[in-house]
Structure formats: structure tokens, C-alpha cells
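Overview (structure and organization)
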Amino acid sequence: MKNQPKNDQGGSDTATTNDNILRKAKLKKLSDLEQLGIEPFPHIFKPTHQAAALQKSYESLVAGEETQDKVIVAGRVMAARNNNMFIDLMDTTGSIQIFSHKDSMSPENMSLLDCLDLGDIIGVEGVIRRTPRGELSVRAYKITVLTKSLLPLPEKYHGLSDVEQRYRQRYVDLIVNESSRDVLRARSKIVSAVREYLDGIGALEVETPILHSILGGASAKPFVTTYNALDANFYLRVAPELYLKRLIVGGLSDAVYEIGRNFRNEGLSIKHNPEFTAVEGYHMYMDYSDIMDLIEDLVGHVVKKVHGTLEIEYDGQKINFAKPWKRRSMIDLVQDETGINFLEFDTAEQAHQAAAKLNLKLDPKLNWGQVVEQVFADRVEHKLIQPTHVTDYPFEISPLAKNSRLNPRLVERFETFVNGWEIANAFTELNDPRIQRERFLQQVEQRETGDEEAQMLDEDFITALEYGLPPTGGWGMGIDRLVILLTNSQNIREVLCFPTLRPLK
RNA sequence: GACUGCGUAGCUCAGCCGGUAGAGCACCUGACUUUUAAUCAGGUGGUCCUGGGUUCGAUCCCCAGCGCAGUCACCA
């Protein structure tokens, strides 16, 4: 990539690049400060006020008026005018102008102004006033350098827009791009709201292993790593599901949940990052209908917390999260779009023939359920803009879900779609150890025919089921996608603090 | 992984139908001193992503590589 800061040029006299010239200018000011007996990196400073709160409490202060209210603020110098007489100081809450005039500052302190650069972090003691031009300001009595910055900030008007650099050097992006800060702060708020809701219904937050010796809980390609001390290979988990259900078996709580990272060794896209955050929850004595209610309440709580209303706009499209959400079976939705009722086909061959009529090119090895899933993905998924629970999935693609009470070829599973994206996946949990073993064995068979994503037989999980998993409903939700929707972002990387990039060589 | 596009100053971007490059901001010097992307005058700053090839000459054309983006495939 271009424009990486070079770290090995600080002391070189032969340096001629602009990078070096800019850096040298700042190093000179740093040594000027030291000449003045000023420590450019002091240990501590205690501000008393923050910018946003000051802006709010002095909202009605009229232009030209000065108070006697003493404040101490601290932040980064983002802009300066009139030889640093006016400085825009930015802290984590907002900005406030600093006004430095010889009438209210010592000559020594005034000379410190000459050593300031954009990007420096300073502390300012002074009084609140509003300038005749109407800008709320701190008239400085004393300015303290808190941290000298040695690298130039990006352009003050256009900011930093090179996406690669924004993600590789998120700290620079965050300094100059308010929208980046807003998105990541909203993410934190969303995670808090999820936690708040689940704690509120009495669910217990737990942490289960990320290093798994047996792959399970979802159909996905894993990352593999080695643990030296045990001389054993581990998978980075693709889902925490099987461990969470073990905790329900153990009766740790009526409900448990985990918010954490899953890892899938698959491609990057605007919707996919190899490590992503999911929340999963398991609730005794609930079935998938109860979980649909729960998802609607949970997401509703989060949306309201972030937006104050249940109707949001994403990419110009209005999305309404008000209950109840549409609930419709996968088979019916496919029939709505294609006129084909796949339940009429008893064999995979018949399903393949039907799919072929729809001009779908499918791997001939796919079983009936996989064909239905592909037709659904191709014809239906992208049309599900408003929140929709798609219910009753084929059992072949749902090895951990309990069979349907209505049709043995289906299971009590649903996925929730918003804006054409799957955001949640849930089942009435399969708790019959005999059937679970069969399902695992079918997965193992698929694995042996080359399906890298098929799950493994987890004997200990079956043992847990043999001790008895009470009737339980479980669900998982992708946090990143929810954040994309609720922050009107276009890309998963925008909602990750540090998205995955190819390492620089 | 495949295809397409992009890579020029610290940042945001022009430009060159092949003759070694410009602007604004930032930075430096000076002026101004109640400014708001402050203003005015002057100045510094470039491996035009990297490596090959074609050419008298390549930042520009060709090939390969690296990085990024978008689309597709797998997936949440």
C-alpha cells in the first residue's frame, strides 16, 4: 500500500521526502518545547469538563458574552486560525474552540503556542465565553501540552477517504472521520442493548471455549490451529451451540446466552468477515414459536434503543420492526415465487428436475433439502426486505433441529430475514439422542463425500443429550449485520473496529 | 478462488494521445490579529505501487507481481 508512515527516518539529516520534512518540523517543535523546560509527554492531566456538555449547558450564552466559569478541557488540536489564536479542540464528545490572547495568558504560555501543531493533544484551563461571531470558546489562561503528535493529520476538509488506509490505520480514520466514530459507538450501544434485554429476561451470560477439538454447531469451513502443550489440533469455533446446550443439560440456568466471535474460513465480502460476532441463546421450555416472539422483542428493544423508533431507513428503504413479523414456511415461500410445491417430490431427483426447469445449475450431489434451500436462496431470499421469519426447514440441512410436528421431512427451524439478509437462525432443539446420533452420522456421510462444511460426530454432546436436554428453544443472531442495518452502513468492514485485511509484506 | 477496475506529494485529487509532473489542504518563512475549510505573499516537498519488456526516451504502452475496491462463487 501507499503512504505508510516511515519510522526509520527521524534522525536522518539527508532525509528529503515530504514525510520527513513534516516530521522534522514537528520534532523541532518538540525540542523547542523541551528547551522551554516543558515536558511534551506529561504523565497525567485532569480535565473537569467535556466539549459536548459545555456546548449544551451554554447553549443560551449570547454572542460576545464572557462568563467567569472556570473549566479545564483536554483534547486534540484539529484546526487552528490566526497563528493559533483560535484552536478547534476535539475531545471524545465533541469540539470547543480555544481562544488564546496575550491579555489573559503569560508570555511564556503564549510562546508555547508557537510549538503547537495540528494533532497535538493539549489541556486548557480558562473561562467560558461566546465570541462575537457566536462560537462557544474557552478563553485560555493556561495551555498545557499533553502529548506531542509527530505525524501530520489527513486533509482537514476531505478527511481520510482511502478505504484501505482507513482500515489499516483505524486510529487515523477515527481521529478525522466523525462518521466512523459514530458507527463504532452505535455498535457498542447495540451490543449493550442486546445484553440488557437478555439480562432483563433472566438469561445468564456465559463464556464457552473458542478452541474446539471437534467441529460443530454450524456448517462452515474452519480455521485450524495447533496447541503445542497438548500436541493437538484445535478448530477455532464456527459456533458455540453445542457447548451452550451442554450448560442447559447441566441446569446452570433456565436460559444462557453468549456474545462472542465465531470464525469461518470463507471468503470476504461486504457481508462477510472471517471473524464475526454472534449472540446465541438457549431457553428451557421454549419452542421455535416462542423464540420468534423473543427475537421480535429483542430486536425491537435494540432498534428502539438506538433509533428511538421501530421504523428505520436502510439504503433508502423503510424497514419496520413493529410486531408481529411475517411468519411463513420455506416451502410456501418457494411455492409463492416459483409455483412449485417441493413437498410433492419424494426424491432428490424430482427436486433436481424441478430446479432445472427454473434454470438453476446445482451440484447433482445435493439432496432434497439442499435443493429446496438453493431454490429458496436464489428466488426468495433477496425479496424478504421487511422482517420475516422463514419457518420449517428441510431436516437434511438442519442436523441440530427437532423434527416438525406436522411433517417428518421438515424441522422446527426458522431463519429471520431483513433486507434480504439472514440475521437470525433458530430451532426447537433436537433433544432425542438417538435421532441426534443419526443426524450426525448423515453429516459424517456428507463429509466423506466431500462436503467440507458438514458437521462432525460429537460423542460427548450425544452423551450430554443422553443425560437429558429439557425441551429447549435456541437461536443465534449475527451482530455485525444488525449493526450494518441500524447504522445504515454499506459494508461489514465499516462496523468492525479492525476488519480483516491481507497482511502487508 | 475467478473476472473487472484502480494505485501520482503527508492528505484530497488533477495531468501526461510516450519527452521525468501540478492544484488545494498540511508544512516552512513573512504579513495580518476576534477567526470559522481564516486571509494575503513567498517557499520546501515526488521511486507517478514494484519488477521486467518495447522504445532514442516509460509515470503513461505491454507482461508479471503486490495491495485495494466492486461483481460472482462458498457463507452469517
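This structure is a prediction, so every number in the text was calculated from the model and none was measured.

Remarks on the overall build of chain A
- Each helix and strand counted, chain A has 14 helices and 18 strands in total.
- When the backbone C-alpha atoms are referred to their principal axes, chain A occupies close to 90 × 55 × 50 Å.
- Taken over 505 residues, chain A has a buried fraction of 50%.
- When contacts within chain A are restricted to residue pairs at least 6 apart in sequence, those whose partners lie at least 24 apart make up 66%.
- Accessible area of chain A: about 24,900 Å², with a carbon and sulfur share of 50%.
- Computed over 59 positive and 73 negative side-chain charges, the inter-centroid distance for chain A is 6 Å.

What about helix α12 (residues 433–448)?
- The end-to-end C-alpha separation of α12 is 22 Å, in line with the 22 Å expected for 16 residues at 1.5 Å each.
- Those residues of α12 not exposed but buried are Pro433, Gln436, Arg439, Phe440, Gln443 and Gln446. When α12 is viewed along its axis, its buried side chains cluster within an angular range of 130 degrees and face the same direction. Residues of α12 that are exposed and point over 90 degrees away from its buried face: Arg434, Glu445 and Glu448.
- Buried-residue contacts for α12 involve α7 (241–249), α11 (368–379), β16 (410–418) and α13 (459–468).

A short note on the domain arrangement of chain A
- By the assigned domains, chain A splits into domain 1 (17–153) and domain 2 (178–325 + 386–495).
- When each unit is reduced to the centre of its C-alpha atoms, the spacing between domain 1 and domain 2 is 48 Å.

Some points on the pairing of strand β8 (residues 224–227)
- As judged from the four bridges shared by β8 and strand β9 (residues 232–236), these two strands associate in the antiparallel manner. Each residue of the ladder has a partner; that of Tyr227, found in β9, is Ala232.
- The hairpin turn running from β8 into β9, its antiparallel successor, is four residues long, and Asp231 in that turn takes a positive phi close to 50 degrees.

Some details on the pattern of salt bridges
- Going through the model one piece at a time under the given rule, you end up with 31 salt bridges.
- Note that Asp117 is salt-bridged to Lys29, the shortest N-O span being 2.6 Å. One end of the pair, Asp117, is in the loop between α3 (107–112) and β4 (121–130); the other, Lys29, is in helix α1 (residues 18–35), and 88 residues separate them in sequence.
- Classification of Lys29 as partly exposed rests on a relative accessible area of 22%.

Thresholds, definitions, all that
Residues numbered from 1 in each chain as written. Chains lettered and ligands numbered in written order. Predicted model: local features only at pLDDT ≥ 70, side-chain atom pairs only at ≥ 80, totals over all residues. Heavy atoms only, no water. Helix = DSSP H or I, 4+ residues; strand = E, 2+ residues; numbered from the N terminus. Buried < 20%, exposed > 50% of the residue type's maximum accessible area, 1.4 Å probe, protein only. Contact = heavy atoms within 4.5 Å. Areas by Shrake-Rupley, 256 points an atom, 1.4 Å probe, with all protein chains shown as cover. Lys, Arg positive; Asp, Glu negative; His and termini not counted. Charge placed at Lys NZ, Arg CZ, Asp CG, Glu CD. Expected span 1.5 Å × (residues − 1). Arc of directions from axis to C-beta. Domains from an automatic or database assignment. Pairing = 2+ DSSP bridges. Salt bridge = Lys/Arg side-chain N within 4 Å of Asp/Glu carboxyl O.

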